[in-house]
Each structure stands twice: as structure tokens, then as C-alpha cells.
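Understanding the architecture of this molecule
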Amino acid sequence: MHFSLTIPLLCALPFTLAACGGAGPTTPSPTPAPTALPTPAPVNYAPVISAWQAKLQQFLSAQQLAGLSIAVVDGDRVVWAQGLGVADLASGQPATADTLFRVGSISKLFTATAVMQLVEQQQWQLEQSLPSLLPGFSVQSRFAANASAAQQSVTLRRVLSHHAGLPEEVVACLQQYDAALTRCSQGVELAHRPGEQFAYSNYGIDLLGAALAQHYRQPFTELIRSQVLLPLGMRQSSFAPASAPFNRYAQAHAGRQAVGYQNDYDHMPAGGLWSSANEMSRFLRFAVNGGQLEGQQVLQRASLQQMWQAQNPDTPLDLDCQTGLGWFANECGAPKLGDGWRVVQHGGSTKLFNAELSVQPEHKLGVFIAVNGDDQDQLSQLARDLLADLLKQKTGQAVKKTTLPAAQITQPSAAELQRYAGWYYLHSIDLPAAALLLKVQQGQLLAQSADPTAPAIPLQRDQDGWYRLQGLSDVRIQLQTLAGREMLVAQTSDGRALHSERLQAQPLSAAWQQRIATQLQVDDVTLSWEVLDGLLLLLANDQPLYFIEPLDDQTAVVAGQGRGRGDVLRFTDTGVLYQGLGIENARFIRDTY
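Residues numbered from 1 in each chain as written. Predicted model: local features only at pLDDT ≥ 70, side-chain atom pairs only at ≥ 80, totals over all residues. Heavy atoms only, no water.

Okay, the confidence of the model for the protein next. On average, residues of the protein carry a pLDDT of 87, and 88% of them reach 70 or more. Of the regions scoring below 50 in pLDDT, residues 1–31 engages in eight contacts with residues more than four places distant in sequence or in other chains. (pLDDT = per-residue confidence, 0-100. Contact = heavy atoms within 4.5 Å.)

This is the structure:
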């Protein structure tokens, strides 16, 4: 664009006609030797690093965390790689830039890179169905016209972007990999209509790992090392447990209590990678430099850019969440960097290890932070705040983020208030049975939890038709119809996201009336039922588990949309067949936290 604009403008000037055409022939002048442009001096990040070293020490102390690993890159330059605190409180072993932390779902970026290598080699296609690449794996779908259509709907593109409709978990397949995972994955029930919404699925990424293992005829832990980790020079990083000297590993901690080495994990391709600040800095350099590291093109620039492009631009239920291929193409509900600043990212959590990786592509800045404790939400904010300081140091521009407009309270009509009244099921994997009751009293909308003893909190309508909790200015909600569903949408300065879905009471058949009058034993867990204003609630050991929507006399699904929702339960004369009730409750039912 620069040249197409500049050359015509120059040609409008009389003394440039000879160079642009339209004048008589002239004797060309000798071409001068090109003048080398000076190399820009490296940005001095020392003040930022010094301030953040103090800030992170305060963070570890305030959050009762043992240790932390951090890496920062600017282009091909490692700006900062360090360990802070300790790798193991019991021994006092310090955390260093070489200490291996479990990075959780950041592992998905490596699995996705291996998939995209095959795509760019034209051995796989993004529109190819996963069942066609993984013989033995098949799905059942209440959304498809026939079995063939069901298989074709689960494409690589959709699996990589979490839009294939696969469940969050399949309980029988936890800690199963490669061929074993394939054997337990025949006839898996889809939880959502493929392509309709973002529904995070660890299980789907594990299936990609099994397909890669079948393609390369190697265990996943070996092929990912040969195809991705070693080309990146990440020689100590591994998906295989205890592949490095044991004292290189950070130990898991619950607060200030050492728990020990977290060996097994339910999902190796989806979350099993161990890595360090030094080695994650190599991955960051690969990412910000267009798939190249130290002269080796591990992935083509076009492939990496495609991974960073939103795959869901016309998906109403996703609102402001943009999912790429393996990567998130924006903050997607996590803290936002700032207006006009792009971020591609992924976080990771295995409960007692948490990590965050964020890249600002245009300025080639990358940040990785990991802790050996439970504080994922704080890490997302830390990574964005650090990126903001790095950008200001590099560009001289302060990163600013628009806040919600100040509320001007308006009075809604009685009809609008009544439209909001009802039960809503929260869109949250962390709060599986969380429900919200909106009710109208004396011309005011009140919000109350499922606990009848909890106080009702007034909601006030602002000038834009959104509702805010009284005294709370940084979040507001609005009832919207999305993809034919009535959803409460939440808006903050970080964007819009699903808050909850309205639950609709339905009459129960005689079979269901009989079923809910009895209890069901699953291993050492007692399943029972409660009817709440016509809504069916499943309890485990008398604790609320999920709201359930019957489909017919033998089948029901977990109510709601998104991660951990839509799972199918089939009831038989001898019990209940379930493939997964979401990650936390799958573990709860199995009693193996």
C-alpha cells in the first residue's frame, strides 16, 4: 500500500516525470550504493523488570504461593527468564529459570502445532472429519439426521477451536491415551450441535493426540517430542512424566502446604506438558517470529497466522470470545489488555499448577507465567498488566481500556420486569449447580441465589437497558435471545460473555415421576433428585450437582450451554449410563480428586 500511494503522488510533480514515465529518454545516472540503515538500539526493559520482580515477590507472599516461573521475549530476544520463590517448600529448593512447571492447557498449543504441521504438508485437511483419521472413534448425535452426518460434523477445525460439540470429559476415558483412548471412544454422545457454540473440550484435544499417534505410529509423548519439542530446542520439556531428573520439577502446593510431584494427569495432549521459563521462552520466540526459531521453520508463518485467526465470526452464542486453532484469538473472557491492542493467548490449570501465556503479535512481545499453586485468575491479570508495561516501554504509548459508562438509573416498564422473572442456570464450569432467581417485587427486579436464606439483591436498569447490581459499576447484564435461547449476557470492560440461560420448567412423565422418587447408587456416591419450581435438580450425596432436562423417559441432558453442559445421561433398569458430568464432578463421582 505504501508504494501504490507514494508513486502516483510523486508522478504529479514536474521534476519526477522522467522517473515515472511520460518524458523523453535520458541518460541514466549511476545507481548509488545503498546506505545501511542503523540497527535500532534494543529497548531497555530493566526498569520494567526491576519493578515487576518486586511486584511478583509481593504477589507470591499475598497469595500464599510457593514459587513462580516467568519468561518475557521481544522478537528473538529473551528479555527476562527467572524463577522466583521455591520449587518445593518442604526442601527449600529454589525455583529457577530451569525449574519444570506443569503448564496445563498451554499444552494444547503444542498439540495444535503438530496438527497444523500435517495440515500444511497437505496430509490432513482442516475440514476433514476426526473419525476418518481415527478409526475406532465414532460419535452419536441427537442433532444429526443420520450417523454419517454425525461423523462428518466433527472436523479438525471444529475440534481445534472447541466447536465440535464434544463433551468436556468422557469419564471412562480419563487417563487413557492413544489406542486406549480410541477403544473407549466408540459412540460418544455429542453434548452440543457442532459449529453452534464454543464448548471447551479437553477430551477433543486428547483425541487429536490419539490421531497423531496413529498417524506417526508412535506414542504421543514420543511424536510430540520429535516433531515439536526438539525442533524448538525444548530438550528438557516433556509430556512424559518424570523424564528429567526429579529435582528439576516443581512440586505442587495447596497454599503453603507441599503436596508433592503431580505425576498423573487426566489429559496428556490437552494439559500434560512440563516446561520451564527458559524453554517456554523458546516457544514464545517461535510464536512471535512467524514459526521460525534460530533459522529453522518449525511451522509456516501462514499456518501460525491461521491459528491466530478467529474461527467463529458468525456464532451468536460466543459473543466477544474469538477462538483460533488451538489458540484463543483474543482474551475470550479473560482480562483484556486494552483498547486497540491485540492479544492471542492460552491459560492452563491443573488445580495445583497454573500458567498463562500471552502474545502481542504486532510488537512481537510474549509473556509466560506459571505458579506451583492455585491462582489462575490472578495470572491472567498479571500477564496483561505486564504486557501493558512492556508495550509502554517499547512504544511510549500507555495502554488504556474503556470502562463501562457510568450508570444513569432509569425505570423499566412492568412488562420488561416480568420478562426477566425466572430461574437462570449460570454458564460456569466452576459453579456446576449455580442458579440465579430473578423476581419482581414492588416494581423492582431482585436477584437471589438458589439458597432461600440468602438475601435478594436489587438490580437497577441503566440508560442503555442493561441491569446492574446496586452499588456494582463494573458489570451489567441484559436478557437477550441468542440462537433461539433466552440468555443473560454479562458485559464488563473486558467484553461480553454468556452469564446464564433461562431454565424452562416442563411436566415430568410418569417414568420420571417414579425415577425421582428413588435414589441411585454409583460407586460410593448416592444420586438423588429435587424438584425446584418445576425444575429438576440432580444431587450427589445430598449436594447439588446439575440441573437436568429430560429428553424422553430414558434420556436426559445436563441443562445449559457451554463447557460441561449438554452431557447425556441414559437410564436403564440397572442404573445410569453417563459419559461425563464435567471435569470437577466427574472427579467427584469417581472420588479421585
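Further notes follow.
Before going further, it helps to examine the nonpolar core. In this structure, F110, L166, F283, W327, L357 and F368 are the most contacted members of the largest nonpolar core, which totals 82 residues. Once residues lying within four places of it in the same chain are set aside, the contact partners of W327 are L109, F283, A287, L304, M307, W308, V344, Q345, L357 and V359. If you look at the next biggest cluster of nonpolar residues, it comprises 30 residues, including W80, L84, L382 and L390. (Core = buried A, V, L, I, M, F, W, Y, C linked by side-chain atoms within 4.5 Å. Buried < 20%, exposed > 50% of the residue type's maximum accessible area, 1.4 Å probe, protein only.)

Read from one edge of the open sheet, six strands run β3-β2-β1-β14-β13-β12, paired in antiparallel fashion. The sheet is open, and its two edges are formed by β3 (93–94) and β12 (344–349), each paired on a single side. The pairing of strand β1 (residues 67–74) with strand β2 (residues 77–88) spans eight bridges and is antiparallel. Within the sheet, the bridge partner assigned to V72 lies in β2 and is W80. Here helix α3 (residues 46–62) sits on the sheet and contacts β1, β2 and β14 (365–371); the angle it forms with β2, its principal contact strand, is near 25°. (Pairing = 2+ DSSP bridges. Helix = DSSP H or I, 4+ residues; strand = E, 2+ residues; numbered from the N terminus. Axes fitted to C-alpha atoms, helices over the stretch in contact; angles between N-to-C directions.)

With that settled, consider helix α10 (residues 220–229). Residues F220, L223, I224, V228 and L229 constitute the buried set of α10. Projected onto a plane normal to the axis of α10, the buried residues spread over an arc of 160° and lie on a single side. Contacts from the buried residues of α10 go to α4 (107–120), α8 (178–183), α9 (202–216) and α11 (268–271). (Arc of directions from axis to C-beta.)

Moving on to unusual backbone geometry. You will see that L319, though not glycine, has its phi angle at about 50°, which is positive. Relative to the helices and strands, L319 resides in the loop between α13 (301–307) and β12. When its relative accessible area of 16% is taken as the criterion, L319 is described as buried. Positive phi, close to 50°, is recorded for Q442, a residue that is not glycine. Mapped onto the elements of the fold, Q442 is located in the loop between β16 (435–441) and β17 (444–449).

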